Amino acid sequence: MLIGELSARTGVSQRMLRYYEAQGLLTASRGTNGYRRYAEDSVTTVRHIRKLLDLGLSTEVIAQVLPCAIEDLGRLDLCPNLVRTLRAELAELDERIDTLRRNRGALAGYLPVV
């Protein structure tokens, strides 16, 4: 399928699809006319990418996680590399949450108690 059809079927702009390709998340072949041609399973791949982005993962992390994605959206095959990656992401997220809580408490300390 051409990029326009993939865009229409996934709701993702053509510009973002080209970005995913540049990041190594999506592959396309080139027709003799130079147009990108995507395989049918690219629809599922793009949906996985969007789901993982919505979870707050970076495209670098998604590149590691995507090979573990299985057909059923929202499910990942828990290969060892994926488990390590997700645990590291959770640890970073917990650290950011702790920092935000400390910052919030410090900021709130400047306000008068009513």
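As the structure is a prediction and not an experimental result, all values here were calculated from the model.

S.K.: Got a minute to help me understand the overall build of the protein in this structure?
M.R.: Of the regular secondary structure elements, the protein holds five helices and two strands. Ordered by position from the N terminus, the helices and strands of the protein form the series α-α-β-β-α-α-α. Relative to the compact-globule value of 13 Å for 114 residues, the protein shows a C-alpha radius of gyration of 19 Å, a clear excess of over 25%. Evaluated residue by residue, the protein yields a buried proportion of 27% over its 114 residues. Taking contacts inside the protein between residues at least 6 apart in sequence as the whole, the part at least 24 apart equals 44%. Accessible surface computed for the protein: about 8000 Å², of which carbon and sulfur atoms make up 53%. If the 16 positive side-chain charges of the protein are averaged to one point and the 14 negative ones to another, these points end up 4 Å apart.

S.K.: When you look at the nonpolar core in this model, what are you seeing that I'm missing?
M.R.: Leu6, Leu17, Tyr20, Leu26, Val46, Ile62 and Leu66 are the most contacted members of the largest nonpolar core, which totals 22 residues. Elements that contribute at least two residues to this core include exactly α1 (3-10), α2 (14-22), α3 (42-54) and α4 (59-65). Top contributing element to this core by residue count: α3, with four residues. Not counting residues up to four positions away in its chain, the partners in contact with Leu6 are Met1, Leu17, Leu26, Tyr38, Ser42, Val43 and Val46.

S.K.: Is there a simple way to think about the environment of Val65 in this case?
M.R.: Inspection of the secondary structure assignment puts Val65 in helix α4. Distance in space between the C-alpha atoms of Val65 and Thr27 is 16 Å, their sequence separation being 38 residues.

S.K.: So what exactly am I meant to see when it comes to a negative patch on the surface here?
M.R.: A surface patch of like charges, here negative, comprises Glu92, Asp94, Glu95 and Asp98. Note that Asp94 resides in helix α5 (residues 80-109). Taking relative accessible area as the criterion, Asp94 reaches 45% and is therefore assigned partly exposed.

S.K.: Would you take a moment to explain the pattern of salt bridges for this structure?
M.R.: Side chains bearing opposite charge may pair, as long as their charged atoms lie close to each other. Scanning the model with the defined rule gives three salt bridges in all. Close ionic contact of Arg9 with Glu5 constitutes a salt bridge, the shortest N to O distance being 3.5 Å. Placement of the pair is Arg9 and Glu5 together in helix α1, with a separation of four residues, close to one helical turn. Classification of Arg9 as partly exposed rests on a relative accessible area of 34%. Of the residues examined, Glu5 reaches a relative accessible area of 40% and is grouped as partly exposed. Between Arg9 and Glu40 there is a salt bridge whose closest N-O contact spans 2.5 Å. With Arg9 in helix α1 and Glu40 in the loop between β2 (36-37) and α3, this pair connects stretches of sequence that are 31 residues apart. Linked by salt bridges that have partners in common, Glu5, Arg9 and Glu40 make up one network.

Rules used throughout
Residues numbered from 1 in each chain as written. Predicted model: local features only at pLDDT ≥ 70, side-chain atom pairs only at ≥ 80, totals over all residues. Heavy atoms only, no water. Helix = DSSP H or I, 4+ residues; strand = E, 2+ residues; numbered from the N terminus. Rg over C-alpha atoms; globule rule 2.2 N^0.38 Å. Buried < 20%, exposed > 50% of the residue type's maximum accessible area, 1.4 Å probe, protein only. Contact = heavy atoms within 4.5 Å. Areas by Shrake-Rupley, 256 points an atom, 1.4 Å probe, with all protein chains shown as cover. Lys, Arg positive; Asp, Glu negative; His and termini not counted. Charge placed at Lys NZ, Arg CZ, Asp CG, Glu CD. Core = buried A, V, L, I, M, F, W, Y, C linked by side-chain atoms within 4.5 Å. Patch = residues over 30% accessible without salt bridge, like charges linked within 9 Å, V, L, I, M, F, W, Y side chains within 5 Å. Salt bridge = Lys/Arg side-chain N within 4 Å of Asp/Glu carboxyl O.

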